[in-house]
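As a plain string of letters, each chain reads:
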Amino acid sequence: MNVLTFIHAFFSDGSHWHGYDGIPTRLTEHLHYSLQALAIAVVIGLPIGLITGHYGRGGNAIALVATGSRALPTFGLLVLMVMWLGFGLGPVMIPLVVLAVPPILVTTYEAVRSVDPSPVDAARGMGMPESRILLQVELPGALPLILGGVRSAAIQIVSTATIAAYVGLGGIGRYIIDGLYQRNYEKVVGGATLVAVLALVTLGLFWAVARIAVSPGVRRSG
């Protein structure tokens, strides 16, 4: 059987569309893990990137932290967290957040630093507070690149959240882990296909958000 045959067999099987192991349930679980990890990563990475980018300080430290975080093996970190914290959602969230923070942090820093300094200087000359300069002048100009960093983080999370299945949780990873254990390659290929489709949908959603959130002038100048 080839891959297309496995895919057709998986998605045409009615038993895969209902129940606790059905595709809707597993997709919901996977999205729950992914959105939660992305939200935590944004809360950590975005403010730090904005503030350090605005003041132009901490760039070397950010690069060092980002490089170190990327060097950590996600699965190895998951195993360590399970040994330390036990089974549960927490040990899954930590590796996913560690994976997602660097692209958000680095891209946000670089995005703010790349904003045209002329309007920033003009805003300071008018006596505008630094917080308003950051939020009303720099952030709109940096938004396309910032969204690109968040998009990269989201795709990495969606693609890696399958690790939840290794610690007994749900999500699309259940099809891959259970399929390998059962030697049911139809299930393995079906799960991998769902992950790929979800990553593509995530990419499309961020494209739509960028079209709505970024002003046409900023898009043209970029």
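Residues numbered from 1 in each chain as written. Predicted model: local features only at pLDDT ≥ 70, side-chain atom pairs only at ≥ 80, totals over all residues. Heavy atoms only, no water.

Looking now at the overall build of the protein chain. Across its full length, the protein chain holds ten helices and zero strands. Sequence-ordered secondary structure for the protein chain, helices as α and strands as β, is α-α-α-α-α-α-α-α-α-α. Its C-alpha atoms give the protein chain principal-axis dimensions of about 65 × 40 × 25 Å. Burial statistics for the protein chain: of 222 residues in total, 42% are counted as buried. By sequence separation, contacts in the protein chain at least 24 residues apart represent 76% of the contacts at least 6 residues apart. (Helix = DSSP H or I, 4+ residues; strand = E, 2+ residues; numbered from the N terminus. Buried < 20%, exposed > 50% of the residue type's maximum accessible area, 1.4 Å probe, protein only. Contact = heavy atoms within 4.5 Å.)

A positive phi angle is found at Arg-183, which is not glycine, with a value near 55°. Judged by its relative accessible area of 65%, Arg-183 falls in the exposed class.

The tendency in soluble globular proteins is for nonpolar side chains to be buried side by side. Ranked by internal contacts, the top residues of the largest apolar core, which has 37 residues, are Leu-38, Val-92 and Leu-96. Only α2 (23-55), α4 (74-85), α5 (90-113), α6 (117-125) and α7 (130-160) provide two or more residues apiece to this core. Apart from residues lying up to four places away in sequence, Leu-96 is in contact with Ala-37, Ile-157, Thr-160, Ala-161 and Ile-163. (Core = buried A, V, L, I, M, F, W, Y, C linked by side-chain atoms within 4.5 Å.)

We now examine the packing of α2 against helix α9 (residues 185-213). One can describe the packing of α2 onto α9 by two numbers: an axis separation of 12 Å at closest approach and a directional angle of 50°. Our classification of the angle between α2 and α9 gives oblique. Seen from above, α2 lies across α9 with right-handed handedness. Along its contact with α2, which presents Ile-23, Leu-27, His-30, Leu-31 and Leu-38, the element α9 presents Leu-194, Leu-198 and Phe-206. Broken down by class, the residue content of the contact of α2 with α9 amounts to seven nonpolar, one polar and no charged. (Axes fitted to C-alpha atoms, helices over the stretch in contact; angles between N-to-C directions. Parallel < 35°, antiparallel > 145°, perpendicular 65-115°, else oblique. Left-handed = near helix turned anticlockwise from the far one by under 90°. Nonpolar A, V, L, I, M, F, W, Y, C, P; charged D, E, K, R; others polar.)

Among the surface-exposed residues, Phe-75, Val-79, Leu-80, Met-83 and Tyr-166 lie close enough to one another that they form a single nonpolar patch of about 540 Å² accessible area. Mapping Tyr-166 onto the fold places it in the loop between α7 and α8 (173-182). (Patch = residues over 30% accessible without salt bridge, like charges linked within 9 Å, V, L, I, M, F, W, Y side chains within 5 Å. Areas by Shrake-Rupley, 256 points an atom, 1.4 Å probe, with all protein chains shown as cover. Salt bridge = Lys/Arg side-chain N within 4 Å of Asp/Glu carboxyl O.)

Our focus in this paragraph is the environment of Ala-71. Along the chain, Ala-71 turns up in helix α3 (residues 59-71). Linking Ala-71 and Met-81, residues ten residues apart in sequence, is a C-alpha distance of 17 Å.

Time to look at the environment of Pro-140. Position of Pro-140 relative to the elements: it lies in helix α7. Residue classification places Pro-140 among the partly exposed positions, given a relative accessible area of 35%.

To continue, consider the pattern of salt bridges. Applying the stated criterion across every chain, the model contains five salt bridges. Of the charged contacts in the structure, one is a salt bridge between Asp-21 and Arg-26, with a shortest N-O distance of 2.9 Å. Arg-26 carries the same exposure label as Asp-21, and that label is buried. Across the pair Arg-174 and Asp-178 runs a salt bridge, and its minimum N-O distance is 2.9 Å. Of the two residues, Arg-174 and Asp-178 both sit in helix α8, four residues apart, roughly one turn of that helix. Through salt bridges with shared partners, one network takes in Asp-21, Arg-26, Glu-29 and Lys-187.

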